[in-house]
Amino acid sequence: MSEVMIQADGLVKIYKSKQTEVLALQGLDLTVEKGELTALIGNSGSGKSTFLNMIGGLDRPSAGSLLVDGKNLFTMGERELVCYKRDTVGFVWQNNARNLLPYLSALENIMLPMHISGQKKKKEKALELLEQVGMTAKRNNRLNTMSGGEQQRIAIAIALANNPKLLLADEPTGALDYNTSKEILKLIEDVNKKYGNTIIMVTHNEAIKNMADHVIKLRDGAVRHNERNEHKIS
C-alpha cells in the first residue's frame, strides 16, 4: 500500500512588493507518494522552483495546506523548520556553488552536513557515498580540479549525507552536456532505487519523463498535467 510523502491542497504563494503582487502558485493541488521519483516540468515562471522552495522549507506558503512526511509546513515554527531542513530534506542545485565549498575536499564537503547534525561514523558514511556516486578516486580533490559532472556527483553525495527522506533536485543537469546529463540522471535513478528516497526533480530534460514514476506539469502556478508512469523504462 502506498503512503503519502507530499500533500498540497489549494497551495497559494503571493510575492508582494510596493508596486505589484505576483501570484506564483494559485491553488495548487497534488500528491506525491513515498519513494516516488517525480519529474516536475513546466516553462519558466510556471511555479516549479517556487513549489520546490516550499517543500524544501526555504519559503512559506501564503495560503492553503502543505504536508510533507506528515509535517505541516504552514504552521511549523522556526526551530522546527531548521530541524526539518537538516533531517528530512536534501538539496541538489544546478549551481554547484550552492552545493560545494571550494576550500574543502570532496570527502570533507560530504562530511560537513554530518558534523552539523552530529552524525557518527562520518568518514565511513562519506566514503560509502563517494563509492555510490562513482567518485572514490576524487575523494581528496577540491572543486576547481573537478568537471561539472564530477561536481554534481559530489553534490548528490552531499545531499544524501544525512539520510534525507526527500531529495530535491533543481535542474541538476541544466549546466551539463548531453552525455554527462544522461549519467547524472541514471545516478539519480540508482539512488532512488537503492535508498528509497522520495525524489522531486525540476527539469527541462525530456529524458526524465521515461525514467520517472510520476510526471507533474505546472503552468501559471497550477497543475496542468499529472500522470503516473505505468510504463517506466528502467
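Residues numbered from 1 in each chain as written. Predicted model: local features only at pLDDT ≥ 70, side-chain atom pairs only at ≥ 80, totals over all residues. Heavy atoms only, no water.

Below, the discussion takes up the nonpolar core. Counting 39 residues, the largest nonpolar core has Ile110, Ile154 and Ile156 as its most contacted members. Broken down by secondary-structure element, the contributors of at least two residues to this core are strand S3 (37-41), helix H3 (106-117), helix H4 (122-132), helix H5 (148-159), strand S7 (166-170), helix H6 (178-195), strand S8 (198-202) and helix H7 (208-211). For Ile110, the contacting residues outside a window of four places in its chain are Ala126, Leu129, Leu130, Ile154, Ala157, Ile158 and Ala161. If you look at the next biggest cluster of nonpolar residues, it comprises 28 residues, including Leu166, Leu168, Ile200 and Val202. (Core = buried A, V, L, I, M, F, W, Y, C linked by side-chain atoms within 4.5 Å. Buried < 20%, exposed > 50% of the residue type's maximum accessible area, 1.4 Å probe, protein only. Helix = DSSP H or I, 4+ residues; strand = E, 2+ residues; numbered from the N terminus. Contact = heavy atoms within 4.5 Å.)

An order of S2-S1-S4-S5 is seen for the four strands of this open sheet, with the pairing classed as antiparallel. On the outer flanks of this sheet lie strand S2 (21-33) and strand S5 (71-72), each paired with one strand and no other. Across two bridges, strand S4 (residues 63-68) lies against S5 in antiparallel orientation. Residue Leu67 lies in a different strand from S5, and its bridge partner there is Asn72. Against the sheet, helix H1 (residues 48-55) engages strand S1 (4-16), S2 and S4, with an angle of about 115° to S1. (Pairing = 2+ DSSP bridges. Axes fitted to C-alpha atoms, helices over the stretch in contact; angles between N-to-C directions.)

One non-glycine residue, Asp69, lies in positive phi territory at about 55°. Examined against the element boundaries, Asp69 turns out to sit in the loop between S4 and S5. The backbone of Asn163 sits at a positive phi, close to 55°, despite the residue not being glycine. Residue position: Asn163 is located in the loop between H5 and S7.

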